[in-house]
Amino acid sequence: MNKIMVNLKDVSFNYHTLEGETEALKNISFDVYEGEFVGIIGPSGCGKSTLLSIISGLLKPSYGSVEVNGKIGYMLQKDHLFEWRNIWQNALLGLEIQKSLTEESKKYVEGLLVKYGLGEFKNHYPNQLSGGMRQRAALIRTLALKPDILLLDEAFSALDYQTRLAISDEVYKILKYEQKTAVIVTHDISEAISMCNRIVVLSNRPAHVKKIYDIVLTCEDRTPIGCRKAPEFREYFNSIWKELDVHV
Amino acid sequence: MYEAATPHISKEHREFLKKVKRKNVLIRVTQFALLIVFFATWEIVARYKIVDPFLVSQPSRMLKTMMILSQNGSLFMHIWVTLSETIIGFTLGTVIGMIIAILLWWSDFLSKVAEPYLVVLNSLPKIALGPIFIVWMGNGEAPIITMALAISLIVTIISLQTGFKEVDDEKIKLLKTFGATKMQILTKCILPASIPTIISAIKINIGLSWVGVITGEFLVSKAGLGYLIVYGGQIFKLDLVMTSVLILSILSALMYIFIVYLEKKLIRWR
Ligand SMILES: Nc1ncnc2c1ncn2[C@@H]1O[C@H](COP(=O)(O)OP(=O)(O)O)[C@@H](O)[C@H]1O
Ligand SMILES: [Mg+2]
């Protein structure tokens, strides 16, 4: 088996506020292997973002243990490009914070921008770019730090449907090409099936692992858009839909 | 989707641009004409004694007053006194206000402690403190500058503090995912994101500093435009009063224009 990149063991987490204690996560255990794309899906407010914050080290679990082997890169729901910085300066933000701006790292970022079609837009400000391009710029800002594991927190949900399909396809290809491991939080079942090797379905709050699906699709074109044509796609969709048990 | 500006402009678009331009010219011309009509009417009604020029003065007499004052050099002295007091008061108010707002952002404890004091100080009419400043600092420029500072400081703190708090938490979370320190969060995100707030605070501050300085000069002074206004009023020389008011409005307008220019320089990304 591949190297274990993330190991969660009986992780629980509680938020403390004046209103009281909120149990967000309860006894969550699973592993993420090198090169794998793991989807996390669950009802809104169940604790998905909390889980990513714990994996990234922003929060410490109340109970249980987290082990991470590698550098983490985090993609938030919106691109959060700083509107007062141009694309180039935005892409360098992480390096700047970590004080690792060198000629070499700058060259690397420059290469990423060119490779992913933003080379000519270096000097543009975020509000001059389309949603898809902004998302790509945000991805490059994350990749600039050469992370091994990417955490995507509903990273495409602010985009319109068409852009979302295109961008998730693109991000998938980029991450595969750069040989990254990814944990992808989404509320879009199709997106999860099309992008991930495994899907962890979480329950309502406090979130615990309801079921883990191994996704095996038979399709020649193993890209998110190509995969949607696979015969197993519907079955997975229906099964996860049932598991999520959505009531309106 | 972003598109580069095309060098070729269609006929229709050129027509449109022309129309916009024509409208802008018309606005400028009307604004200018209004000013001329205003002063001309003033001059005429005063000259033909329709209103008493002793009470409302008269543009030509104001011009003469200006000449006389500038010939003996005292005009520039008075302008300089008021202007320097305003700039010092304004700069102090902005800088000290900013430092305090940053401290309050930095420490939630301090901010909670300070809150009731800020509320009370904000609603207090600062002019009431004038006599105290005079007793403490004498009748030089110090109490006047302090007056300007007192009037602008609290407003600056409160508006900057609100601005800092409005910065998107997710932006801060982003920086934290990079491992940013609190100092880095301040310098890379909070301050640049608050530039629009800072500029609008500066705009308000300029106005308030003028108010502070002129009131200060009303209360105690031996020079300055506020002094000229009070002095002119006491000896019933409305020419002097009106001239000073006119100069004051020109000065404050110039200062405002400078800030708008600064704003354009600083906020290029819009
Ligand atoms: N800082 C916080 N303080 C208190 N409760 C919080 C905080 N952040 C999130 N929560 C609560 O924890 C639960 C899980 O939140 P979150 O992880 O953001 O859910 P999800 O990402 O799955 O929508 C929610 O009920 C939310 O209200
Ligand atoms: Mg969330």
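Conventions used here
- Residues numbered from 1 in each chain as written.
- Chains lettered and ligands numbered in written order.
- Predicted model: local features only at pLDDT ≥ 70, side-chain atom pairs only at ≥ 80, totals over all residues.
- Heavy atoms only, no water.
- Helix = DSSP H or I, 4+ residues; strand = E, 2+ residues; numbered from the N terminus.
- Buried < 20%, exposed > 50% of the residue type's maximum accessible area, 1.4 Å probe, protein only.
- Disulfide = S-S within 2.5 Å.
- Contact = heavy atoms within 4.5 Å.
- Buried area = accessible area lost by both parts, 1.4 Å probe.
- Salt bridge = Lys/Arg side-chain N within 4 Å of Asp/Glu carboxyl O.
- Polar contact = N/O pair within 3.5 Å; in protein donor to acceptor, adjacent residues only side chain to side chain.
- 1 Å grid on protein atoms, 1.4 Å probe; cavity = no way out; pocket = protein on both sides within 12 Å on 5 of 7 lines; lining within 4 Å.
- Points joined across faces, edges and corners; volume = space filled by probe spheres on them.
- Nonpolar A, V, L, I, M, F, W, Y, C, P; charged D, E, K, R; others polar.
- Near = heavy atom within 4 Å.
- Areas by Shrake-Rupley, 256 points an atom, 1.4 Å probe, with all protein chains shown as cover.

Novice: Hey, could you run me through unusual backbone geometry in this one?
Specialist: Glycine aside, residues mostly have negative phi, and peptide bonds are mostly found in the trans state. At the junction of Arg205(A) and Pro206(A), the peptide bond is cis and its omega measures out at -5° in the coordinates. Unlike most non-glycine residues, Lys49(B) shows phi in positive territory, near 55°. Mapped onto the elements of the fold, Lys49(B) is located in the loop between helix H1 (11–47) and helix H2 (53–56). Lys49(B) gets classed as exposed once you look at its relative accessible area, which sits at 62%. With phi around 55°, Phe236(B) is a residue other than glycine that occupies positive phi space.

Novice: Got a minute to help me understand the state of the cysteines in this structure?
Specialist: Throughout this description, disulfide means a covalent bond between two cysteine sulfur atoms. All names here are of chain A. Under the counting rule described, the total for this entry stands at zero disulfides over all chains. Left without a disulfide partner, Cys-219 is nearest to the cysteine sulfur of Cys-227, which lies 3.3 Å away. Overall, the relative accessible area of 23% leaves Cys-219 in the partly exposed class. Cys-227 gets classed as buried once you look at its relative accessible area, which sits at 0%.

Novice: What am I meant to see in the interface of chain B and chain A here?
Specialist: A common way to state how big an interface is: give the accessible area lost once the parts meet. Between chain B and chain A, the residue contacts involve 21 residues of the former and 26 residues of the latter. Summed over both partners, the interface of chain B with chain A comes to about 2300 Å²; 68% of that surface belongs to carbon and sulfur atoms. Linking chain B with chain A are two salt bridges. Linking Glu83(A) and Lys171(B) is a salt bridge whose minimum nitrogen-to-oxygen distance equals 3.4 Å. Put simply, the parts of the chain that give the side of chain B that touches chain A at least two residues each are helix H8 (169–177) and helix H9 (182–193) of chain B. It is H8(B) that contributes the most residues to the side of chain B that touches chain A, seven residues altogether.

Novice: Any chance you could explain the side chain of Asp188(A) here in plain terms?
Specialist: Residues and elements named next belong to chain A. Along the chain, Asp-188 falls in the loop between strand S7 (181–186) and helix H7 (189–195). A residue is classified by how much of its surface remains accessible, and Asp-188, at 14% relative accessible area, is buried. Polar side-chain contacts of Asp-188 include one of 2.6 Å to the side chain of Arg-164. The residues contacting Asp-188, other than those within four sequence positions of it, are Ile-41 and Arg-164.

Novice: Would you mind showing me how to read empty space enclosed by the protein here?
Specialist: Unfilled space is identified by rolling a water-sized probe across the atoms. Summed over all chains, the structure comprises two cavities of 30 Å³ or more. In this model, the largest cavity occupies a volume close to 40 Å³. What lines the largest cavity is Glu154(A), Phe156(A), Ser157(A), Arg164(A), Val185(A), Thr186(A), His187(A), Asp188(A) and Glu191(A). In this model, the second largest cavity occupies a volume close to 30 Å³. Around the second largest cavity, the lining residues are Gly130(B), Phe133(B), Ile134(B), Pro143(B), Ile144(B), Met147(B), Gly216(B), Leu219(B) and Val220(B). Secondary structure elements with two or more residues in the lining of the second largest cavity: helix H6 (130–137), helix H7 (142–166) and helix H10 (195–219) of chain B. The class makeup of the residues in the lining of the second largest cavity is seven nonpolar, two polar and no charged.

Novice: Would you mind going over the site of ligand 1 with me for this structure?
Specialist: Residues and elements named next belong to chain A. As a matter of local geometry, ligand 1 sits amid Tyr-15, Thr-17, Ser-44, Gly-45, Cys-46, Gly-47, Lys-48, Ser-49, Thr-50 and Arg-205. Between an oxygen atom of ligand 1 and a side-chain N or O atom of Thr-50, the distance comes to 2.5 Å. With respect to ligand 1, the side chain of Arg-205 contributes an N or O atom lying 3.2 Å from an oxygen atom. Isolated, ligand 1 exposes 560 Å² of accessible area, and the fraction of that covered by the protein chains is 62%. Taken together, the elements giving at least two residues each to the shell around ligand 1 come down to strand S1 (4–17) and helix H1 (48–56). With three residues, the top contributor of residues to the shell around ligand 1 is H1. Here the shell around ligand 1 is built from residues that sort into two nonpolar, six polar and two charged.

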